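Given next are the chains, with one letter for each unit.
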Amino acid sequence: MGNRKGGRVPRHRWMSALTGVAMLACAAAASAQTTKVALGMSGWTGFAPLTLADKAGIFQKHGVDVDIKMIPQKDRHLALASGAIQCAATTVETHVAWNANGVPITQIVQLDKSYGADGLAVRADVKGFADLKGKTVGVDAPGTAPYFGLAWMLKKNGMTIKDVKTTTLSPQAAAQAFVSGQNDAAMTYEPYLSTVRQNPDKGKILATTLDYPMVMDTLGCAPKWLRDNPKAAKALVDSYFEALEMIRREPAKANEIMGAAVKQSGEQFAKSASYLRWQDREANRKFFAGELAAFSKEAAAVLLEIGVIRQVPDVTTIYDASFVQ
């Protein structure tokens, strides 16, 4: 190393310079330190942009180190209550139920809306909902989205869950049992609903979320975590929207990444995604402006009726619209 006179810089000087560079590097690393957060979800297609944000480095870019944990819907609130996760993706009515049942969670961004991805399969002789009276329906347990969906559809047709017989089966098992000749109906969702679509001789789809738009998902976080980490929460939301941009910009690459996480090819994943709509920032603003509170109030009434909750929470306190602005 030379100086302006062509001589050598004394050892103590360049050692000092190196030390200074190292200290600056450490300071930069400290300022760029990421916030860690554990997020509970499932392989549901609507949540896939969160997987993309993780795999494509979008979360890291925004300063959050996200640990995605695959947890069944029926157990996600337990993980939240124990502190094993700080945030969770699930259906809106599930957020209502968790809050009503003592597990507080605040919704910060809408992820998706189902457009035909959830539906009720029935035998050919069932012409309408009235024909389901006394029939056996394969459906997941109370507190899950399929059970709520069935109750919602029945209520919209002047019936209740008590008008049918239910047998508890997971969405996949319900569809498989139906096409094998068991039960009179099945409440399920994609990709299992396509099992019925591909076997028209076994039955038909009476109604989907195209007819009854009541399946929508949001990401929520524990209120204390949100208060302590508002920047990280904003980073989660901004990362989600950036993942949607990547899907629009590079659909083939994005579908490959999202599909691989659920053991699907990019083409298979794209097909399952065609039955839902991910919600961008503008859609979120509209959703939080009134749609969420109105739906939550109606959903709470159904949850109360079917015994999932014992009291209706103040639905205007279980979301924070500031993060989508």
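Throughout, a residue's number is its position along its own chain's written sequence, starting from 1. Side-chain atom pairs in this predicted model are given and counted only at pLDDT of 80 or more, local residue features only at pLDDT of at least 70, and totals for whole chains, interfaces and linings cover all residues. Side-chain measures here rest on the full set of heavy atoms in the structure, leaving out hydrogens and waters.

Draft legend 1. Representation of the domain arrangement of the protein chain. By convention here, the domain bounds are inherited from an automatic or database domain assignment. Looking at the protein chain, the domain boundaries give domain 1 (35-114 + 215-306) and domain 2 (118-208). Taken together, the contacts link 16 residues of domain 1 with 15 residues of domain 2. Once two parts are joined, some of their accessible surface, as seen by a 1.4 Å probe, is lost; buried area is that loss totalled over both. Roughly 1500 Å² of surface becomes buried between domain 1 and domain 2 when both sides are summed, with 67% attributable to carbon and sulfur atoms. Per-residue buried area on domain 1 facing domain 2 is highest for Tyr275, Val302 and Ile306; these three make up 32% of the total on that side. With a shortest N-O distance of 3.0 Å, Glu305 and Lys155 are connected by a salt bridge. Should any heavy atoms of two residues lie within 4.5 Å, those residues are counted as being in contact. What makes a salt bridge here is a side-chain nitrogen of Lys or Arg within 4 Å of a carboxyl oxygen of Asp or Glu, nothing more.

Draft legend 2. Geometry of the sheet that holds strand β6 (residues 136-139). Pairing between strands is defined by DSSP: at least two bridges between the two strands are required. Note on conventions: DSSP H or I runs of at least 4 residues are helices, E runs of at least 2 residues are strands, and numbering of each starts at the N terminus. Strands sit in the order β7-β6-β8-β5-β9 across an open sheet of five strands; the sheet is mixed. Each having just a single partner strand, β7 (165-168) and β9 (204-208) make up the two edges of the open sheet. The average undirected angle you get between the axes of adjacent strands in this sheet is 25°. Of the pairings in the sheet, the one linking β6 to β7 comprises four bridges and is parallel in character. Residue Val137 lies in a different strand from β7, and its bridge partner there is Thr166. Comment: axis = line fitted to C-alpha atoms, over the contacting stretch for helices; angle = value between 0 and 180 degrees taken between N-to-C directions. Of the strands in this sheet, β5 (118-122), β6 and β8 (185-189) are in contact with helix α7 (residues 171-179), which crosses β8 at around 140°.

Draft legend 3. Fine view of the sheet that holds strand β11 (residues 276-278). Here six strands make up an open sheet; going across it, the order is β2-β1-β3-β10-β4-β11 and the pairing mixed. Across the chains shown, the open sheet's two edge strands, defined by having one partner strand only, are β2 (64-70) and β11. Each neighbouring strand pair of the sheet contributes to a mean axis angle of 25°, computed without reference to strand direction. Contacts from helix α5 (residues 92-100) reach β3 (87-91), β4 (106-114) and β10 (216-221) within the one sheet, and its direction differs from that of β3 by about 120°.

Draft legend 4. Looking closely at the nonpolar core. One finds Leu120, Phe129 and Trp225 to be the most contacted residues of the largest nonpolar core, which totals 97 residues. Taken domain by domain, this core gets at least three of its residues from each of domain 1 (35-114 + 215-306) and domain 2 (118-208). Beyond its immediate sequence surroundings of up to four residues, Phe129 is in contact with Leu120, Met153, Leu154, Asn157, Met159, Leu206, Ala207 and Tyr212. Ala121, Ala174, Ala186 and Val196 belong to the second largest nonpolar core, which has six residues in total. To qualify as a nonpolar core, a set must consist of buried Ala, Val, Leu, Ile, Met, Phe, Trp, Tyr and Cys residues joined through side-chain atoms within 4.5 Å. Only protein chains enter the accessibility calculation, which uses a 1.4 Å probe. A residue is then buried if its area is under 20% of the maximum for its type, exposed if over 50%, and partly exposed in between.

Draft legend 5. The UniProt feature "domain: SsuA/THI5-like" (unreviewed entry) in the protein chain, seen in detail. UniProt positions are given in the numbering used here, feature names are shortened, and annotations may be inferred rather than shown by experiment. If you check UniProt for "domain: SsuA/THI5-like" (unreviewed entry), the listed places come out as residues 45-254 in our numbering. Summarising residues 45-254: 41% helix, 24% strand, and an end-to-end C-alpha distance of 13 Å.

Draft legend 6. Fine view of the environment of Thr316. Within the secondary structure layout, Thr316 lies in the segment after α13 (281-305). N or O atoms closer than or at 3.5 Å make up a polar contact, with two conditions inside protein: a donor-capable atom paired with an acceptor-capable one, and, for residues adjacent in sequence, both atoms drawn from side chains. A polar atom in the side chain of Thr316 sits 2.6 Å from the side chain of Asp314.

Draft legend 7. Structural view of the packing of aromatic side chains. Note on aromatic pairs: the rings of Phe, Tyr and Trp (six-membered ring only in Trp) are paired at centre separations within 6.5 Å, and the planes decide the class, stacked below 30 degrees, edge-to-face beyond 60, tilted for the rest. Under the definition given, this model contains nine aromatic pairs. Ring geometry for Tyr189 against Tyr192: centres 6.0 Å apart, planes inclined by 40°, an arrangement best described as tilted. When its relative accessible area of 25% is taken as the criterion, Tyr192 is described as partly exposed. Aromatic rings pair up to connect Trp44, Tyr189 and Tyr192 into one cluster. It is Arg123 that lies over the ring of Phe178; its NZ or CZ is 3.8 Å from the centre. Charges are assigned to positions over rings by a cutoff of 6 Å between ring centre and Lys NZ or Arg CZ, combined with an angular limit of 35 degrees from the ring normal. Lying over the aromatic face of Tyr115, Arg277 brings its terminal NZ or CZ to 4.8 Å of the ring centre.

Draft legend 8. Structural context of the packing of helix α6 (residues 145-156) against α13. Packing of α6 against α13 leaves a shortest axis separation of 10 Å and a crossing angle of 95°. The angle between α6 and α13 falls in the class roughly perpendicular. Between α6, through Phe148, Ala151, Trp152, Lys155 and Lys156, and α13, the contact on the second element is made entirely by Phe295, Glu298, Ala299, Val302, Leu303 and Glu305. Angular relationships are summarised with four words: roughly parallel below 35 degrees, roughly antiparallel beyond 145, roughly perpendicular across 65 to 115, and oblique for the angles in between.

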